[in-house]
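Coordinates in review
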Amino acid sequence: MPGLYLHIPFCRQACTYCDFHFSTSTDRSAVLDAMELELVKRSKEIGDGRVGTIYFGGGTPSLLEPGRIAAFIQQAQDLFRVERDAEITLEANPDDISAERLAEWKAAGITRISLGTQSFRDERLRWMGRAHDARQALSSIGLIANAGFRTWTIDLIYGLPQMTLDEWDEQLTIALDHGMPHLSAYCLTVESKTVLAHQVKKGGVHMPEDEDQSAQFERLMERMEQAGLDQYEISNFGQPGHYSRHNTSYWEGVPYLGIGPSAHSFDGSSRRWNVANNARYGKALREGSSYWESETLTPAQRTNERLMTGLRTAKGVDIAKLEIDALRINSSAFQRHVSNGSISMVDGRLVLSRAGRHFADRIASDLFVTDDDR
Ligand code: SF4
């Protein structure tokens, strides 16, 4: 069932590694008003109007007054047929969490909190430019766990400079000891135009070797398996019943409507992305001018997207549903990855082995097709 994504493009401060679209301005109402306008304008883009998931991402949605979150949810319910048991996620940072706020979000209809924890060590959080400290990370988890949400998740980052396996183990132990039902764990990557990229270029920061990051990924998989959290996507682990429905829809190619500056949308055949500039976005919505670009995906692009996202999931890729027969066209690459144990066919689905999960993107790209292959 289609999902609704709302991009809240504001943060308290800029994290050094982040390349998401956000502004640190405290003057937020013009953009938020424009998002309400966009919701109205685009409310007919979801075929029968049924919405199964709503996701407040960013940026930092927890910066907003809870009343503004409640108003967006109410507006969505007025414009769409939001399912009675819809998953409604709010991304939140530890420095915004209090028992009162959690109660207000819950009353507004939020069913799932996604906490941007990243680390339980103060020196790491400072280095990343995060606005919270370790004490806030721990206390906010305690509050969320007891707030009565249907489920919750935390984010952690590994592959940090000089991170040892012991440090990573310690991070995972702390998270597991707090009973998290779901974890998103991301390896630090250097994105261009970030402060981190500048630091690496100037030689002030040395990124770890691939083998170190790989060993931490392996330890992550071991620890989550022992703890009973399924790796249902390369970077996502959940207890049964606690998987992210919204993100699962992305990975399965289900249409979604993205609202707000920089938000992407997908209608099953074309992608559309809003301008990643708050002022231009707001002005265009107010004046009725264009604020997005779009492209219609070709059969090869659709096939490659299915390979890229599907291979990252435990379910794998339903080969019969690929528009172009990527395995026949790339038969030698396919056979090579089968022979070296990276991938296998299970009931008509192409799935990665545990070893293959270390190279998911490379394996997918080896199987990519072009429109000339049709
Ligand atoms: S809080 Fe999140 S979106 Fe904002 S700068 Fe940090 S990582 Fe980026």
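Residues numbered from 1 in each chain as written. Predicted model: local features only at pLDDT ≥ 70, side-chain atom pairs only at ≥ 80, totals over all residues. Heavy atoms only, no water.

Focus: the packing of helix H1 (residues 29–41) against helix H10 (residues 278–287)
The following threshold applies: Lines fitted to C-alpha atoms define the axes, with helix axes restricted to the stretch in contact, and inter-axis angles between N-to-C directions lie between 0 and 180 degrees. Helix and strand labels come from DSSP, where a helix needs a run of H or I of at least four residues and a strand needs a run of E of at least two; each type is numbered from the N terminus. If an angle is under 35 degrees, it is roughly parallel; if it is over 145, roughly antiparallel; if it lies from 65 to 115, roughly perpendicular; otherwise it is oblique. The hand of a helix crossing depends on one turn: near helix anticlockwise from the far one by less than a right angle means left-handed, and clockwise means right-handed. The contact criterion used is simple: two residues touch if any of their non-hydrogen atoms lie within 4.5 Å.
It is at 9 Å that the axes of H1 and H10 come closest, and there the two elements cross at 50 degrees. On the basis of their axis angle, the class for H1 and H10 is oblique. In the crossing of H1 with H10, the sense of the turn from one axis to the other is left-handed. Along its contact with H1, which presents Ala30, Val31, Ala34, Met35, Leu37, Glu38 and Lys41, the element H10 presents Asn278, Tyr281, Gly282, Leu285 and Arg286.

A closer look at the domain arrangement of the protein
Size of an interface, as often reported, equals the accessible area lost when the parts are brought together. Basically, it comes down to this: An automatic or database domain assignment provides the domain bounds reported here. Defined in terms of a 1.4 Å probe, buried area is the accessible area two parts forfeit on being brought together, summed over both. Every case where a carboxyl oxygen of Asp or Glu lies within 4 Å of a side-chain nitrogen of Lys or Arg is listed as a salt bridge.
Partitioning the protein into domains gives domain 1 (3–250) and domain 2 (299–373). Here the C-alpha centre of domain 2 lies 28 Å away from the C-alpha centre of domain 1. Contacts between the two partners involve 11 residues from domain 1, matched on the other side by 8 residues from domain 2. Both sides of the domain 1 and domain 2 interface together cover about 920 Å² of buried area, and 44% of this is carbon and sulfur. Among the residues of domain 1 in contact with domain 2, Gln231, Glu233 and Ile234 are the three that bury the most area, contributing 43% of the side total. Put simply, domain 1 and domain 2 have 3 salt bridges between them.

Some remarks on a negative patch on the surface
Here is the rule: For patch detection, residues must exceed 30% relative accessible area and be free of salt bridges, and they are connected within 9 Å for like charges or within 5 Å for nonpolar side chains (Val, Leu, Ile, Met, Phe, Trp, Tyr). Surface exposure here means Shrake-Rupley accessible area, sampled with a 1.4 Å probe, where a residue is shielded only by the protein chains that are shown. Counting rule for charge: Lys and Arg are taken as positive, Asp and Glu as negative, and neither His nor the chain ends is counted. For this purpose, a charge sits on NZ of Lys, CZ of Arg, CG of Asp or CD of Glu.
Among the surface-exposed residues, Glu209, Asp210, Glu211 and Asp212 lie close enough to one another that they form a single negatively charged patch. Looking at where Glu209 falls in the secondary structure, it is placed in the loop between helix H7 (195–201) and helix H8 (210–227).

Thoughts on the site of the ligand
The cut-off we apply is this: Residues are labelled near a given molecule or strand when at least one of their non-hydrogen atoms is within 4 Å of it. Only Asp, Glu, Lys and Arg are considered charged in this grouping, and only Ala, Val, Leu, Ile, Met, Phe, Trp, Tyr, Cys and Pro are considered nonpolar; every other residue, Gly among them, is considered polar.
Around the ligand, the structure places Cys11, Gln13, Cys15, Tyr17, Cys18, Phe22, Gly59, Thr60, Asn93 and Arg130. The residue inventory of the shell around the ligand, partitioned by class, reads 5 nonpolar, 4 polar and 1 charged.

A short note on helix H6 (residues 165–177)
Put simply, the test is: By this rule, a helix spans an expected 1.5 Å times one less than how many residues it contains. Accessibility here uses a 1.4 Å probe with only protein chains present; expressed as a share of the type maximum, an area under 20% marks a residue as buried, one over 50% as exposed, and anything in between as partly exposed.
Here H6 contains 13 residues, and its C-alpha end-to-end distance of 18 Å stays within 8% of the 18 Å for a straight helix at 1.5 Å per residue. Three or more residues of H6 are buried, namely Glu167, Trp168, Asp169, Gln171, Leu172 and Ala175. Those residues of H6 that are buried are in contact with helix H4 (122–128), strand E5 (151–158), strand E6 (182–187) and H8. One or two residues past the end of H6 sits Gly179, with phi positive at roughly 75 degrees.

Here we look at the side chain of Ser265
Cut-off, in case you're wondering: We define a polar contact as two N or O atoms separated by no more than 3.5 Å, with the added condition that, inside protein, one atom must be a possible hydrogen donor and the other a possible acceptor, whereas residues neighbouring each other in sequence contribute only through side-chain atom pairs.
Assignment of secondary structure puts Ser265 in strand E10 (residues 264–266). At 3.0 Å, the side chain of Ser265 and the side chain of Arg42 are in polar contact. Within the structure, the side chain of Ser265 is placed 2.8 Å from the backbone nitrogen of Gly258, a separation counted as a polar contact. Discounting chain neighbours no more than four positions away, the residues touching Ser265 are Arg42, Tyr256, Leu257, Gly258, Ser270, Arg271 and Arg272.

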